[in-house]
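# Working through the structure, step by step
Read off the chains here:
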Amino acid sequence: MAEVARLATAIADRILEQNAAGTTIPPEQFTMLVRAARMLLDNGAPWPPSVEIVLMEVARRIGQAEAAPDVGPAATKG
């Protein structure tokens, strides 16, 4: 599990760097992070700090998006 934690940390650190730089994060990269985090969770291993930061931030953003009312184009009369 130590190797999985190390790899998850490397992926999370890369995602944090890309986010800070404003670059697009490849979906495959995020998928790898989620799979590694799930493996750690399934084996009772704690998430490294950077992994937790990335996953909690994603969860926060999803929660905000779900809580936001749907805003569509304004209806026009006439």
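Each remark here, short or long, concerns the structure printed above.
Residues numbered from 1 in each chain as written. Predicted model: local features only at pLDDT ≥ 70, side-chain atom pairs only at ≥ 80, totals over all residues. Heavy atoms only, no water.

## Here we look at the pattern of salt bridges
Heads up, the rule is: The salt bridge definition used is simple: a Lys or Arg side-chain nitrogen within 4 Å of an Asp or Glu carboxyl oxygen. Elements are defined by DSSP. Helices are runs of H or I of four residues or more, strands are runs of E of two residues or more, and each kind is numbered from the N terminus. Residue burial is assigned from relative accessible area. The probe radius is 1.4 Å, only protein chains are included, and a residue is buried under 20% of its type maximum, exposed over 50%, and partly exposed in between.
With the rule as written, the count across this model stands at five salt bridges. The salt bridge partner of R14 is E17, with a shortest N-O separation of 3.6 Å. Here the residue R14 and the residue E17 both occupy positions in helix α1 (residues 2-21), the gap between them amounting to three residues, near one helical turn. Given the relative accessible area of 41%, R14 is considered partly exposed. One salt bridge in this structure joins D42 and R38, with 3.0 Å as the shortest N-O distance. Of this pair, D42 and R38 both sit in helix α2 (residues 27-42), four residues apart, which is roughly one turn of the helix. Here D42 matches R38 in class, with each residue exposed. Salt bridges linked by common partners bring E57, R60 and R61 together as one network.

## Comments concerning the nonpolar core
So the rule is basically this: Only buried residues count toward a nonpolar core. Its members are Ala, Val, Leu, Ile, Met, Phe, Trp, Tyr and Cys residues joined through side-chain atoms within 4.5 Å. Note on contacts: a residue pair is in contact if any heavy atoms of the two residues lie within 4.5 Å.
The biggest cluster of nonpolar side chains holds 14 residues, and the ones touching the most others in it are A8, L33, L40 and V51. Counting residues per element, the ones that place at least two in this core are α1, α2 and α3 (49-67). Residue contributions to this core peak at six residues, all from α1. Other than its neighbours up to four places away in sequence, L40 contacts M1, V4, A5, A8, A45, P46, W47 and P48.

## Overview of the side chain of S50
To keep it simple, the criterion reads: Nitrogen and oxygen atoms within 3.5 Å of one another constitute a polar contact, given that in protein one can donate a hydrogen and the other can accept it, and given that sequence-neighbouring residues count only through two side-chain atoms.
When you line up the elements, S50 lands in helix α3. Within polar-contact distance, the side chain of S50 engages the side chain of D13 at 3.1 Å.

## Focus: the packing of α1 against α2
The test is simple: Between N-to-C directions, angles span 0 to 180 degrees; the directions come from axes that are lines fitted to C-alpha atoms, helices contributing only their stretch in contact. A crossing counts as left-handed when the near helix is turned anticlockwise from the far one by less than a right angle, and as right-handed when that turn is clockwise. Each residue receives one of three labels: charged for Asp, Glu, Lys and Arg, nonpolar for Ala, Val, Leu, Ile, Met, Phe, Trp, Tyr, Cys and Pro, and polar for the others, Gly being one of them.
It is the contact of α1 with α2, at a shortest axis distance of 9 Å, that shows an interaxial angle of 145°. Regarding α1 and α2, the two cross each other, and that crossing is left-handed. When α1 is examined against α2, the residues V4, A5, A8, I11, A12, R14, I15 and Q18 are found in contact with a partner set consisting of Q29, F30, M32, L33, A36, M39 and L40. Taken together, the residues of the contact of α1 with α2 break down into 12 nonpolar, two polar and one charged.

## Looking at α1
The criterion, for reference: By this rule, a helix spans an expected 1.5 Å times one less than how many residues it contains. This arc corresponds to the set of directions leading from the helix axis out to the C-beta atoms.
Over its 20 residues, α1 extends 29 Å from the first C-alpha to the last, a length consistent with the 28 Å expected when each residue adds 1.5 Å. Regarding α1, the residues found buried are V4, A5, A8, I11, A12, I15 and Q18. One side of α1 carries all its buried residues, which in axial view fall inside an arc of 150°. Facing away from the buried surface of α1 by more than 90 degrees, the exposed residues are A2, A20 and A21. For α1, the elements touching its buried residues are α2 and α3. Backbone geometry just downstream of α1 places G22 in the positive-phi region, at approximately 80°.

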